[in-house]
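Chain residues, written in single-letter form:
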Amino acid sequence: MATRVGLALSAAVLALTSTSAVETVPEEEPFTGPVARATCRAGDLVETGVQGQVPLPDRLNGRAADGYNCNLDLIASVGDTTGTPAPKVYGGVSLDSYKDCLYQAIASADGVLGRGGTEVLDMSDARNPVRTALLPVNPAESLRVHAGRGLLAGVHEDLSFKIYSVKEDCRRPRLLFSGAVPGIGDSHEGWFSPDGMVYFAGWGTDSELPSLAIDVTDTAQPRPLATFSRHVHGGATSEDGTRTYVAHIGPEDKDNRGGETNPSELLIYDSSQLRHGHMRLLSRLTLANTQWSHGFFPVRYGNRKYLLQYGEHGLNSVGFGGMGCTSQTLSPFQYPNIIDISDERRPRIVATLTQEIGEPARCASALNFDRPAFPRNTPFVPTLGIYAAFSYGTHMCRPDRLDNPTILACSGFASGLRVYDIRDPRSPRELAYFNPGTLGPTDPAPDFTVSPPVVRARDGEIWFNSLFSGLQVVKFAPGTYPFTSSLTCGDYVFAQYNDCTAGVRPASGRGDDGLACPP
C-alpha cells in the first residue's frame, strides 16, 4: 500500500516506436462496469447491500461480524481479530509463496503495520499452517519469490537488499545476501524479471533517486544495472525480457495542501539493452481512474497481448491530493484495468472491473462509510492515515496464469477478497468473494484485505491475508473453479503456484477429465 501520492504526467498516449503486426480488432467502447454479480450458492452469507459494500446497519447490528461469502469457504486462518484493549494488526501487505511454503510480512507484536518481519509458514497441510521461521525483513510491498531460481528477495526498511534461497528447504530460507546496493533508495515495491536474473526496485515518491534494476545473477554480489523513472510504484517485465511495464505515480502532494492532482501512467520501456545499462521509453498511457498504480501482469489471449493493471486510491477519492467526489464521471476507488498492448504504440484500456459501490453516483456515500471510524487505540491508525481514502477500492491482484488467464483475484480493502472471471477480457464478471467483515459484533470497524492473493488452481484455493484476521485460506465451492482451461501447464506464473511435475486435476467437482501436465 502506498503512503505516497500518485500524481502522474498528463499525456494520454505518446507513441515513439513501431510494433509487429497483430490481428486487427475493431475498437469498441471499453467496458466500465459494474461487473455482473456472481451467482452464489444457497446458504452463502451474501452481501446485503450493493456489490462490494459493508453496510453501516450491518456493522452496527453485528451482522457484518459474520462476514460475507459467495462460492468461497474459509478452511484455515492464522491471526486474530481480538485484542486488549483493542484489536491488533497481524497481517501485512507483502505475500508470496514457493511450493508449499508461504511468506508474509506481518505486524509487530504491538500491532504496528509492517514492523514484525516476514513470517514463513509450512502450508503442506493448508488447513493447518505451521510457522517455521521469522525472517528479519520488513519489506513494505517489495517481497517477491522467483520460483525458477528458488529465490526470495526484498528491500528491508533500512534500505538493505536481502536475498534468500528457498530452494533447498522452503521452510527455512537461507540468507545469501544482505547489504547495500549502490544507488538503492527508499524502495517500496519490486519485481523479478521472468528469468530471475534482475530485480527491479521502484522507489515510490519519497525518494528523488531513480528506480533501479539490480543484477542478481550472482546472488552473493548483486550490482546495479540501470536506472529508470523516478516515482515508480511497481511493474512487470515481459517473458522475453525485452519490454518492461512501469507504474509511474508522479510527484507527491504529501501533505494534501492543494497540489495538482494527476492520474498514474503506464510507461512501456524497451529493456532489451538492459544488460548494457539502459532502457528506452517507448510509450505511455494515462490511467484516468488511478492515482496510485501498483503493477501489471503481462498476459496473452490467443495472439493478442494485454496487461492486467491494478492499483489503489482512486483519483476521485479523499486525502492525499484526491479530488473528493468533485468528478461526476470518475469512481472514488481504483479498480483493475485490462489494457490491450498488442499495438504498443497505442495501448488502450478495454475493461475496468468496477463494482457497484464504486459507481461515481455513489461517491459521497461510499467515502462517508467509515462512521464510526477505524478502531481506536491501535498503532495502525497513524500508519494508514485517512481510512476512508481506501475503503472499498482495490489494492493488489494476481491472475491464475499468464497464458489465457481465467480468473483475477484481488484484495479489496473493506470489500474483502474479490475474484473475477476474465476469460473474456472485454466482458469480465464477478465469480466469487470472501469478506472477513468487521472485527466483532460490538466493533463496527471493517477488516482490510490487502495482500496480493496466491491462486492455487490445482487445489481450488486462494491464500491471502487481511490486516487483523491475518492469513486466510479459502476454497472454491465445487463447480465454481478451476475451469478446464485454468489447468494447462507451460506458464511460469501457473507453475509457481501449482506442481506441474505430477499432473494437475480439476478440483471443481464437475467431473472434468484430469489434464496431465508435462514434467
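Residues numbered from 1 in each chain as written. Predicted model: local features only at pLDDT ≥ 70, side-chain atom pairs only at ≥ 80, totals over all residues. Heavy atoms only, no water.

1. Remarks on the overall build of the protein
So, point 1. On a plain count of helices and strands, the protein comes out with four helices and 32 strands.
So, point 2. The buried share of the protein, reckoned over its 519 residues, is 62%.
So, point 3. Within the protein, counting contacts between residues at least 6 apart in sequence, those at least 24 apart form 60% of the total.
So, point 4. Carbon and sulfur atoms form 51% of the exposed surface of the protein, whose accessible area is close to 18,400 Å². (Helix = DSSP H or I, 4+ residues; strand = E, 2+ residues; numbered from the N terminus. Buried < 20%, exposed > 50% of the residue type's maximum accessible area, 1.4 Å probe, protein only. Contact = heavy atoms within 4.5 Å. Areas by Shrake-Rupley, 256 points an atom, 1.4 Å probe, with all protein chains shown as cover.)

2. Looking at the side chain of Thr 219
So, point 1. Structurally, Thr 219 is set in the loop between strand 14 (211-215) and strand 15 (223-228).
So, point 2. Beyond its immediate stretch of four places on either side in the chain, Thr 219 contacts Arg 149, Leu 151, Ile 163, Leu 176 and Phe 177.

3. Concerning the layout of surface pockets
So, point 1. Roughly 770 Å³ of internal volume is contained in the largest pocket.
So, point 2. Among the elements of the structure, strand 4 (95-98), strand 8 (144-146), strand 12 (189-192), strand 16 (232-237), strand 20 (292-301), strand 24 (397-399) and helix 4 (492-497) are those that each provide at least two residues to the lining of the largest pocket.
So, point 3. Broken down by class, the residue content of the lining of the largest pocket amounts to 20 nonpolar, eleven polar and nine charged. (1 Å grid on protein atoms, 1.4 Å probe; cavity = no way out; pocket = protein on both sides within 12 Å on 5 of 7 lines; lining within 4 Å. Points joined across faces, edges and corners; volume = space filled by probe spheres on them. Nonpolar A, V, L, I, M, F, W, Y, C, P; charged D, E, K, R; others polar.)

4. A closer look at the sheet that holds strand 20
So, point 1. A sheet is described by the order of its strands in space; here four strands give the open sequence 20-21-22-23, paired in antiparallel fashion. Looking at the sheet topology across the chains shown, the edges are occupied by strand 20 and strand 23 (348-352). Neighbour to neighbour, the strand axes of the sheet diverge by 30° on average, direction disregarded.
So, point 2. Bridge count for strand 22 (residues 337-340) against strand 23 is four bridges, and the pairing is antiparallel. Opposite Asp 340, over in strand 23, you have Arg 348 as the bridge partner. (Pairing = 2+ DSSP bridges. Axes fitted to C-alpha atoms, helices over the stretch in contact; angles between N-to-C directions.)

5. Side note on the pairing of strand 17 (residues 243-248)
So, point 1. Of all the six residues making up strand 17, six are buried; the element is thus mostly covered by neighbouring parts of the structure.
So, point 2. In strand 17, alternate side chains face the same way, and those of Arg 243, Tyr 245 and Ala 247 on one face and Thr 244, Val 246 and His 248 on the other are all buried.
So, point 3. Bridge count for strand 16 against strand 17 is four bridges, and the pairing is antiparallel. Each bridged residue has a counterpart across the sheet, and for Val 232 the counterpart in strand 17 is His 248.
So, point 4. Two successive antiparallel strands, strand 16 and strand 17, enclose a turn made up of five residues, where Gly 241 displays a positive phi of approximately 80°.
So, point 5. Here strand 17 runs beside strand 18 (residues 264-270); their pairing, made up of six bridges, is antiparallel.

6. Things to note about the nonpolar core
So, point 1. Ranked by internal contacts, the top residues of the largest apolar core, which has 32 residues, are Ile 338, Ile 422, Trp 463 and Leu 471.
So, point 2. For this core, the secondary structure elements donating two or more residues are strand 3 (72-78), strand 20, strand 21 (304-312), strand 23, strand 25 (407-411), strand 32 (470-476) and helix 4.
So, point 3. When neighbours within four sequence positions are excluded, Leu 471 is seen to be in contact with Ala 76, Ser 77, Val 78, Leu 95, Leu 102, Gln 104, Leu 121, Met 123, Pro 129, Trp 463, Phe 464 and Asn 465.
So, point 4. In this structure, Val 50, Ala 64, Ile 357 and Val 450 belong to the second largest nonpolar core, which totals 30 residues. (Core = buried A, V, L, I, M, F, W, Y, C linked by side-chain atoms within 4.5 Å.)

7. Focus: the confidence of the model for the protein
So, point 1. Chain-level statistics for the protein give a pLDDT mean of 85 and a share of 83% at 70 or above.
So, point 2. Note on residues 252-259: pLDDT under 50 across the span, and 17 contacts to partners over four residues away in sequence or across chains.
So, point 3. Counted against residues more than four places away or in other chains, residues 370-374, with its pLDDT under 50, gives 16 contacts. (pLDDT = per-residue confidence, 0-100.)

8. Topic: the environment of Asn 289
So, point 1. Within the secondary structure layout, Asn 289 lies in the loop between strand 19 (280-287) and strand 20.
So, point 2. With a relative accessible area of 13%, Asn 289 lands in the buried category.
So, point 3. Those residues in contact with Asn 289 that lie beyond four places of it in its chain are Gly 314, Leu 315, Leu 330, Phe 333, Gln 334, Tyr 335, Asn 337 and Thr 352.
So, point 4. Looking at Asn 289, its side chain comes within polar contact range of the side chain of Thr 290, at 3.1 Å. (Polar contact = N/O pair within 3.5 Å; in protein donor to acceptor, adjacent residues only side chain to side chain.)

9. Comments concerning the environment of Phe 296
So, point 1. Within the secondary structure layout, Phe 296 lies in strand 20.
So, point 2. Note on Phe 296: relative accessible area 2%, which makes it buried.
So, point 3. Taking the C-alpha atoms as reference, Phe 296 lies 9.7 Å from Ile 339; in sequence the two are 43 residues apart.
So, point 4. Excluding residues that lie within four positions of it along the chain, Phe 296 makes contacts with Gly 235, Ala 236, Tyr 245, Val 246, Ala 247, Leu 266, Leu 307, Leu 308, Gln 309 and Tyr 310.

10. So, the packing of aromatic side chains
So, point 1. Counted according to the given criterion, the structure contains 16 aromatic pairs.
So, point 2. Each ring, one from Phe 333 and one from Tyr 335, has its centre 6.5 Å from the other, and the planes form 85°; the classification is edge-to-face.
So, point 3. The class for Tyr 335 is buried, based on a relative accessible area of 1%.
So, point 4. Centroid distance Phe 476 to Tyr 481: 4.9 Å. Interplanar angle 50°. Geometry classified as tilted. Here Phe 476 and Tyr 481 have matching classes, each one buried.
So, point 5. Taken together through their ring pairs, the aromatic side chains of Trp 191, Phe 200, Phe 228 and Tyr 269 make up a single cluster. (Phe/Tyr/Trp six-rings, centres within 6.5 Å; stacked < 30°, edge-to-face > 60°.)

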